[in-house]
Amino acid sequence: MAGSLHSSAAERVGYITRLQSFSACHRLHSVHLSDEENAKVYGKCNNPNGHGHNYTVEVTVRGKIDRVTGMVMNLTDLKRCIEEVIMIPLDHKNLDKDVPYFATVVSTTENLAVYIWDNMVKVLPPGQLYEIKIHETDKNIVVYRGE
């Protein structure tokens, strides 16, 4: 019987992903490069006045499916963590000026994914965060898994 491979006593692992959208502006500019080098590397994204994005972030957690609740994690708890880590510090903000982390780190989407990861692991149960995926545009997506 196909179902007999996994008895009801076996622990199953599940993945939960929650999407969250937010808007923010930034300027791609490295203090380690000259103005000319910045313009060459970042092009129009180096505009001194910055530019904005409507980001969509996918936060994926991984864990054992609890036998009593049937959940990997309560989505209400995940939503609260996302509000604390993403929405409050990032939504409708200038990443470079309003988020201290980006005062010394270029606000690329790769670094934004690292920032979100580093702060999500502080509020989630240990070992549960699996992946941060950020859709910067319809065509540009960054994935970070803590590596």
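Residues numbered from 1 in each chain as written. Predicted model: local features only at pLDDT ≥ 70, side-chain atom pairs only at ≥ 80, totals over all residues. Heavy atoms only, no water.

Asks: What's the story with the nonpolar core in this structure? I'm lost.
Replies: Most often, soluble globular proteins keep nonpolar side chains buried together rather than apart. Counting 32 residues, the largest nonpolar core has I86, L112, I116, M120 and I132 as the members making the most contacts within it. The set of elements that each furnish at least two residues to this core consists of strand 1 (13–26), strand 2 (51–64), helix 2 (75–90), helix 4 (109–123), strand 4 (129–135) and strand 5 (141–144). In contact with I132, other than residues within four places in its own chain, are V57, E58, V59, A113, I116, W117, M120, V142, V143 and Y144. (Core = buried A, V, L, I, M, F, W, Y, C linked by side-chain atoms within 4.5 Å. Buried < 20%, exposed > 50% of the residue type's maximum accessible area, 1.4 Å probe, protein only. Helix = DSSP H or I, 4+ residues; strand = E, 2+ residues; numbered from the N terminus. Contact = heavy atoms within 4.5 Å.)

Asks: It is not clear to me how unusual backbone geometry should be interpreted in this structure. Could you clarify?
Replies: Glycine aside, the phi torsion of most residues is negative, and most peptide linkages are trans. One non-glycine residue with positive phi stands out, namely H92, at about 60 degrees. With respect to the helices and strands, the residue H92 is situated in the loop between helix 2 and strand 3 (93–94).

Asks: Sorry, what's going on with the sheet that holds strand 5 here?
Replies: Either a parallel or an antiparallel arrangement is found when strands of a sheet pair, and the pairing is made through backbone hydrogen bonds. Strand order in the open sheet made by the five strands is 3-1-2-4-5, with mixed pairing throughout. Edge positions in the sheet fall to strand 3 and strand 5, since each has one partner strand and no second. Here strand 1 pairs with strand 2 via 14 bridges, running antiparallel. Its bridge partner being in strand 2, C25 is matched across the sheet by G52. (Pairing = 2+ DSSP bridges.)

Asks: In this structure, what is going on with helix 4? I would like to understand it.
Replies: Working note: α-helix, 3.6 residues per turn, so residues spaced by three or four point in the same direction. With 15 residues, helix 4 should cover 21 Å at 1.5 Å per step; its first-to-last C-alpha distance of 21 Å lies within 8% of that length. Of the positions making up helix 4, those classed as buried are T109, L112, A113, V114, Y115, I116, W117, N119 and M120. Taken together, the buried residues of helix 4 touch strand 1, strand 2, helix 2, helix 3 (95–98), strand 4 and strand 5. (Expected span 1.5 Å × (residues − 1).)

Asks: Can you help me understand helix 2 in this one?
Replies: Compared with the 22 Å implied by 1.5 Å per residue over 16 residues, the 21 Å span of helix 2 between its first and last C-alpha is a close match. Helix geometry: helix 2 is bent most strongly at E83, by close to 40 degrees. Listed in full, the buried residues belonging to helix 2 are L78, C81, I82, V85, I86, M87 and L90. Packing partners of the buried residues in helix 2 comprise strand 1, strand 2, strand 3, helix 3 and helix 4. The distance from a side-chain oxygen at the start of helix 2 to the backbone nitrogen of T76 is 2.8 Å, and the residue carrying that oxygen is N74. (Bend = angle between axes of the 7 residues up to and from the residue. Polar contact = N/O pair within 3.5 Å; in protein donor to acceptor, adjacent residues only side chain to side chain.)

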